[in-house]
Amino acid sequence: MSAPGRLLLLGVLLANLSLAGLVVPARAEKLVVVLAAERIGITSSFSGTRVVAITVVERDGQSISRSGAYDAVALIRGPERTQVTRRKVRWAGLWVNGPSRTYVGAPTYFAAIANRPFADIAGDDLRAEHNIGLDFLRLSTRGRLPGDVDDKAFRDAFVAAKRTDGLYVENDQGVAFINDTVLRASFPLPANTPVGSYKIDVLLLSQGAIVARGEASIDLVKEGFEASVFRASREQPLLYGLASVVLAIAMGWMAGIVFRRN
Amino acid sequence: MTVYLPIAELTVNLFLILGIGTAVGFISGLFGVGGGFLLTPLLIFSGISPAVVVASEASQIAATAFSGALAYARRSLIDYRLGAVLVSGGVAGSLLGVWLFSLLRRVGQLDFAIGIAYVILLGGIGILMLKEAVGTMRAKLSGAPPPALRKGGDHGWAHGLPFKMRFHKSKLYMSVLPIIALGAAIGMIGSVLGVGGGFLTVPALIYLFRVPTTVAIGVSLFYTVITMSAASLLHATTNLTVDIVLSLLLMIGGVVGAQYGASVGQQMKGEELRALLALLILAVAGRFFYEFVAIPERLYSISIPDVWS
């Protein structure tokens, strides 16, 4: 880690909340998610970061005993935006943008990480229900034609392009159990990660079923000078534009003086 | 060393951007052009979105043109009257261009429009320049005098049009209509392509209107300062895509590079410079043409249509 603060500890705290006299739930594992830091600041030197999550699983006395170990999946969703995928087609001998698919409210960032291959952890129905893995990420299209064979090609291309950019992540070794009840999950946020709120969902599974869930969120925000510049460009576009013109004239004028040759 | 561009929302290598700015500045100083036609593709290839590139480099081009215009103004080589008429068309053209830019971006054909415009404009200009430069070189070798640009008693092709005006410094007496039309066309092309249009303005003034070369360059610089400032302002208020940090980095590289380019350029012959510039322009046009005909590496592309709304 290059700088302190780059490493964020996401502690899912063991919170001993079971009070005497409460109704005993059928499933008694608990995950209480607490973030060590709730925001990541983007400054001029931001070059991506890695978020590390430490999760502790509590089993109280009434927990039904489970045979076999736990599995864990962490799903991270960045801000949602409408995104368009276009396919190039040949037109009069030239390659131009042709048909497109619009994904409404698709996450700009998505990571699915687990402790072992997703297919071994959960069945397809459960994976589809909870977006476990990139193949099962729900993406809703606008203006979709029923039975369109092209849809899968567009979807695959969209996911592949996002993976290339490091914005869609799938890693079945990203979660590690340190012991029976403590696990560590980590996921990368690349330099081109969009700003906004990131929702983190931790799912604890046993024998293909979810036994506990915990969630947290982390905000990626521009800080300092970068934040001021961005705000100025949105709130005072005219002044901002004038500033860029004045800057240009001043630079040109200075260059004219400094390098003046007679 | 990296730097985060707050509007492009992307981290770039500081030295890469400074290097691109300096290299393009060197070429712009060497040939006396704005260099936007090189800057746009280089920045797009380095991963910055075309919308941000075109909007941000407008102020860089204004800065480079302003330092050039100052030098021409000192030698009183700027025909402000001709410049003002050209600008009146240019501002209208820029408005139209920024609107067209938003429209093309919305329908997903911005890359195609920029690419095809580069192929046609640069290809055409490059071939014309190369032909002219090689012709001059040949004529010099064979000892014949180079063909004169301006023949005596030649009033040009736009003689019959109304609203005539006298432009002393440019040795012109002609209708303002074709000048306004030229300004509008270059303003529109400039704000869509993110180029100053010097490579179009100078030859147009020389070959169409028979303006003396040095005055044509002075007027072109004056025109570029005004229209690129307007384009910068328009992009900042309509498309919200001006990244002032990117602009500043490009300006720093650009003004320094331009000085070295200019001093190298003074040691070379005019026709050699023009031939080199023509080859460079043709290379860029060829690069864009190749994109269109070669089987694309990535058949699919992703865009976020309303990221700034």
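A. Main features of the overall build of chain A. Scanning chain A for helices and strands turns up 5 helices and 16 strands. Taking all 262 residues of chain A together, 47% fall into the buried category. Taking contacts inside chain A between residues at least 6 apart in sequence as the whole, the part at least 24 apart equals 71%. With the model as given, the accessible surface of chain A reaches about 13,000 Å², and the carbon-plus-sulfur share is 55%.

B. Expanded view of the overall build of chain B. A count of helices and strands for chain B gives 10 helices and 5 strands. Here chain B holds 309 residues, and the buried ones make up 55% of them. For chain B, the computed accessible surface area is about 13,000 Å², with 70% contributed by carbon and sulfur atoms.

C. Summary view of the sheet that holds strand β12 (residues 168–171) of chain A. Residue and element names in this part refer to chain A. Here 6 strands make up an open sheet; going across it, the order is β4-β16-β15-β7-β10-β12 and the pairing mixed. Looking at the sheet topology across the chains shown, the edges are occupied by β4 (39–42) and β12. Within the sheet, the average angular offset between the axes of one strand and its neighbour, ignoring direction, is 15°. With 4 bridges joining them, strand β10 (residues 110–114) and β12 adopt parallel strand pairing. Bridged to Ala111 within β12 is Val169.

D. Focus on the interface of chain B and chain A. Counting residues at the interface gives 56 residues for chain B and 59 residues for chain A. Of the roughly 5,000 Å² buried between chain B and chain A on both sides combined, carbon and sulfur atoms contribute 65%. Three residues, Tyr4(B), Tyr300(B) and Ile302(B), lead the burial of chain B against chain A; their summed loss comes to 15% of the area buried on that side. At the junction of chain B and chain A, the tally comes to 1 salt bridge.

E. Region of interest: unusual backbone geometry. Residues and elements named next belong to chain A. Non-glycine residue Asn131 carries a positive phi angle of around 60°. Among the structural elements, Asn131 can be located in the loop between α2 (124–130) and β11 (140–142). Relative accessible area serves as the criterion here: at 11%, Asn131 is assigned to the buried category. Non-glycine residue Gln207 carries a positive phi angle of around 50°. With respect to the helices, strands and loops of the structure, Gln207 is situated in the loop between β15 (196–206) and β16 (209–222).

F. A look at the packing of helix α4 (residues 80–106) of chain B against helix α6 (residues 177–193) of chain B. Residue and element names in this part refer to chain B. Look at α4 against α6: their axes get within 6 Å of each other, and the N-to-C directions meet at 35°. For the crossing formed where α4 meets α6, the hand is right-handed. Each residue belonging to the contact of α4 with α6 can be placed in one class, and the counts come to 14 nonpolar, 9 polar and no charged.

G. Spatial organisation of the confidence of the model for chain B. Per-residue confidence for chain B gives a mean pLDDT of 83, with 93% of residues at or over 70. For residues 150–154 of chain B, every residue scores under 50 in pLDDT, and the model assigns this stretch 4 contacts once sequence neighbours within four places are set aside.

H. Region of the structure containing the packing of helix α5 (residues 110–141) of chain B against α6(B). All names here are of chain B. In contact at an axis separation of 10 Å, α5 and α6 are set at 130° when each is read in the N-to-C sense. Here α6 runs oblique to α5, going by the angle between their axes. The handedness of the crossing between α5 and α6 comes out as left-handed. Seen from α5, the contacting residues are Ile114, Ala117, Tyr118 and Leu121; seen from α6, they are Ile189, Val192 and Leu193.

I. Molecular detail of the pairing of β15(A). Residue and element names in this part refer to chain A. Most of β15 sits out of view: 8 of its 11 residues are buried. As paired strands, strand β7 (residues 71–77) and β15 are joined by 7 bridges and run antiparallel to one another. Across the sheet, Ala72 pairs through a bridge with Leu204, a residue of β15. Across 11 bridges, β15 lies against β16 in antiparallel orientation. When the sheet's bridge partners are listed, Leu204 is paired in β16 with Ala212.

J. Inspection of the confidence of the model for chain A at higher detail. On average, residues of chain A score 81 in pLDDT, and 82% of them are at 70 or above. Within the model, the stretch residues 1–25 of chain A combines pLDDT values under 50 with 54 contacts to residues more than four positions away or in other chains.

K. Structural view of helix α1 (residues 14–31) of chain B. Residues and elements named next belong to chain B. Over its 18 residues, α1 runs 26 Å from end to end, which matches the ideal 26 Å to within 8%, given 1.5 Å per residue. Turning to α1, its buried residues are Leu14, Ile17, Ile20, Gly21, Val24, Gly25, Ile27, Ser28, Gly29, Leu30 and Phe31. Contacts made by the buried residues of α1 are with β1 (2–5), β2 (10–13), α2 (36–45), α3 (50–74), α9 (244–265) and α10 (270–293). N-cap assignment for α1: the residue whose side-chain oxygen lies 2.9 Å from the backbone N of Phe15 is Asn13. Gly32, located one to two residues past α1, shows a positive phi value of around 70°.

L. Here's a closer look at the environment of Leu246(B). Residues and elements named next belong to chain B. Considering the arrangement of structural elements, one finds Leu246 in helix α9. For Leu246, a relative accessible area of 0% translates into the label buried. When the C-alpha atoms of Leu246 and Val52 are compared, they prove to be 9.0 Å apart, with 194 residues separating the residues in sequence. Discounting residues that sit within four places of it in the chain, Leu246 has contacts with Leu5, Ile17, Ile48, Val52 and Ser56.

M. A look at the side chain of Thr193(A). All names here are of chain A. Its place among the elements puts Thr193 in the loop between β14 (182–189) and β15. Assessed through its relative accessible area of 1%, Thr193 is described here as buried. The contact partners of Thr193, leaving out residues within four places of it in the chain, are Leu167, Tyr198 and Leu220.

N. Quick peek at the pattern of salt bridges. Considering all chains together, one arrives at 11 salt bridges over all chains under this definition. A salt bridge links Lys222(A) to Glu9(B); the nearest nitrogen and oxygen atoms lie 2.8 Å apart. Of the two residues, Lys222(A) is situated in strand β16 and Glu9(B) in the loop between β1 and β2; the pairing between them involves two chains. According to the relative accessible area criterion, Glu9(B) is buried, its value standing at 16%. Each of the salt bridges in this network shares a partner with another, and the network as a whole consists of Lys199(A), Asp201(A), Arg213(A) and Glu215(A).

O. Summary view of α4(B). Relative to the 39 Å expected for 27 residues at 1.5 Å per residue, α4(B) spans 38 Å between its end C-alpha atoms, a close match to the ideal helical length. One side-chain oxygen of the residue at the start of α4(B) lies 3.2 Å from the amide nitrogen of Arg81(B), identifying that residue as Asp79(B).

Here is what the cut-offs are and how they apply
Residues numbered from 1 in each chain as written. Chains lettered and ligands numbered in written order. Predicted model: local features only at pLDDT ≥ 70, side-chain atom pairs only at ≥ 80, totals over all residues. Heavy atoms only, no water. Helix = DSSP H or I, 4+ residues; strand = E, 2+ residues; numbered from the N terminus. Buried < 20%, exposed > 50% of the residue type's maximum accessible area, 1.4 Å probe, protein only. Contact = heavy atoms within 4.5 Å. Areas by Shrake-Rupley, 256 points an atom, 1.4 Å probe, with all protein chains shown as cover. Pairing = 2+ DSSP bridges. Axes fitted to C-alpha atoms, helices over the stretch in contact; angles between N-to-C directions. Buried area = accessible area lost by both parts, 1.4 Å probe. Salt bridge = Lys/Arg side-chain N within 4 Å of Asp/Glu carboxyl O. Left-handed = near helix turned anticlockwise from the far one by under 90°. Nonpolar A, V, L, I, M, F, W, Y, C, P; charged D, E, K, R; others polar. pLDDT = per-residue confidence, 0-100. Parallel < 35°, antiparallel > 145°, perpendicular 65-115°, else oblique. Expected span 1.5 Å × (residues − 1). Polar contact = N/O pair within 3.5 Å; in protein donor to acceptor, adjacent residues only side chain to side chain.

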